[in-house]
Amino acid sequence: MWSWHRQVKDSISQKTIGLMRMQFWKTALDEIYRDDPPNQPVSTELWRAVKTHGLTKRWLTRIVTEREKDLDDRAYRNLQELEKYSENTQSSLLYLLLECLGVKNVHADHAASHIGKAQGIVTCLRATPYHSSRRKVYLPMDICMLHGASQEDFIRGSREKNVRDVVYDIASQAHVHLEHARSFSRDVPAAATPAFIHTVALEDYLQRIRKVDFDVFHKSLLNRNPLLPFQLYLRSWKKTY
């Protein structure tokens, strides 16, 4: 369901079609929670997950609602708007994962909130070269204006200081959220680790973009870190994030 929602924005040519697809999921969620899921594979599996793990409808609804708003296809007005979007999508998904893992812990919830925001911000940065190649820019407008960077600068793939300053400010906020999330690690149950292990990949991207002086278009950022699987295994073995 999550993968499908992420693809909707890129796969539709008209907003109306996207809204129709989102309405399908709103209706499907209502039917799933009435124990009458639509005859559709993803809906059926989601219904089974809801029955097995007692998933909270609110988190699923927030994901659909926020993705529906995202069909407006415009840049975020400010960093707070990007964080809100990330909280309602990425963090909501983490809350659901915690429920699947049977974790009910306020510290884990706080960590999930910050990790989701960090993930949303990093995803926005990582997707910038792809979006720019399609003449689209979604980075927060207030930060772009602060440093005098225009959308055309990103579309051209500019590596000037003002563009790198925009990336620095946004990446720094992701780092702050990651550090906040890890500040709860002593109080987060080990059982929550599988939901949070992807912070290794977030940290890896933030470190690599820092090494290229926040040049979001640097070709090295397209390369995979061969040590990432080992780092993931190590964190998993230590049951830390």
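About the thresholds
Residues numbered from 1 in each chain as written. Predicted model: local features only at pLDDT ≥ 70, side-chain atom pairs only at ≥ 80, totals over all residues. Heavy atoms only, no water. Helix = DSSP H or I, 4+ residues; strand = E, 2+ residues; numbered from the N terminus. Expected span 1.5 Å × (residues − 1). Buried < 20%, exposed > 50% of the residue type's maximum accessible area, 1.4 Å probe, protein only. Arc of directions from axis to C-beta. Contact = heavy atoms within 4.5 Å. Axes fitted to C-alpha atoms, helices over the stretch in contact; angles between N-to-C directions. Left-handed = near helix turned anticlockwise from the far one by under 90°. Nonpolar A, V, L, I, M, F, W, Y, C, P; charged D, E, K, R; others polar. 1 Å grid on protein atoms, 1.4 Å probe; cavity = no way out; pocket = protein on both sides within 12 Å on 5 of 7 lines; lining within 4 Å. Points joined across faces, edges and corners; volume = space filled by probe spheres on them.

Trainee: Residue-level account of helix 3 (residues 41-53), with values.
Mentor: Taking 1.5 Å as the rise per residue, helix 3 with 13 residues should run 18 Å; its terminal C-alpha atoms sit 18 Å apart, in good agreement. Of the positions making up helix 3, those classed as buried are Ser43, Leu46 and Val50. All buried residues of helix 3 fall inside an arc of 65° around its axis, so they share one side. Opposite the buried face of helix 3, at more than 90 degrees from it, the exposed residues are Pro41 and Thr52. Residues of helix 3 that are buried sit in contact with helix 2 (15-32) and helix 4 (57-69).

Trainee: Talk me through the packing of helix 10 (residues 161-182) against helix 12 (residues 199-211); I want residue IDs and the actual numbers.
Mentor: Where helix 10 meets helix 12, the axes come as close as 11 Å, and the angle between the chain directions of the two elements is 145°. Considering the relative orientation of helix 10 and helix 12, their crossing is left-handed. Contact residues: Val167, Ala171, Ala174, His175, Leu178 and Arg182 in helix 10; Thr199, Val200, Leu202, Glu203, Leu206 and Ile209 in helix 12. Of the residues in the contact of helix 10 with helix 12, the class split is eight nonpolar, two polar and two charged.

Trainee: I'd like a description of the layout of surface pockets, backed by residues and values.
Mentor: Its boundaries defined by the atoms lining it, the second largest pocket holds a volume of some 390 Å³. Taken together, 18 residues line the second largest pocket, and the ones lying closest to its centre are Arg126, Arg208, Leu221, Leu222 and Asn223. Residue assignment for the lining of the second largest pocket shows that the elements contributing at least two residues are helix 6 (106-126), helix 7 (128-133) and helix 12. The biggest single contributor to the lining of the second largest pocket is helix 12, with four residues. For the lining of the second largest pocket, the residue count by class is ten nonpolar, three polar and five charged.

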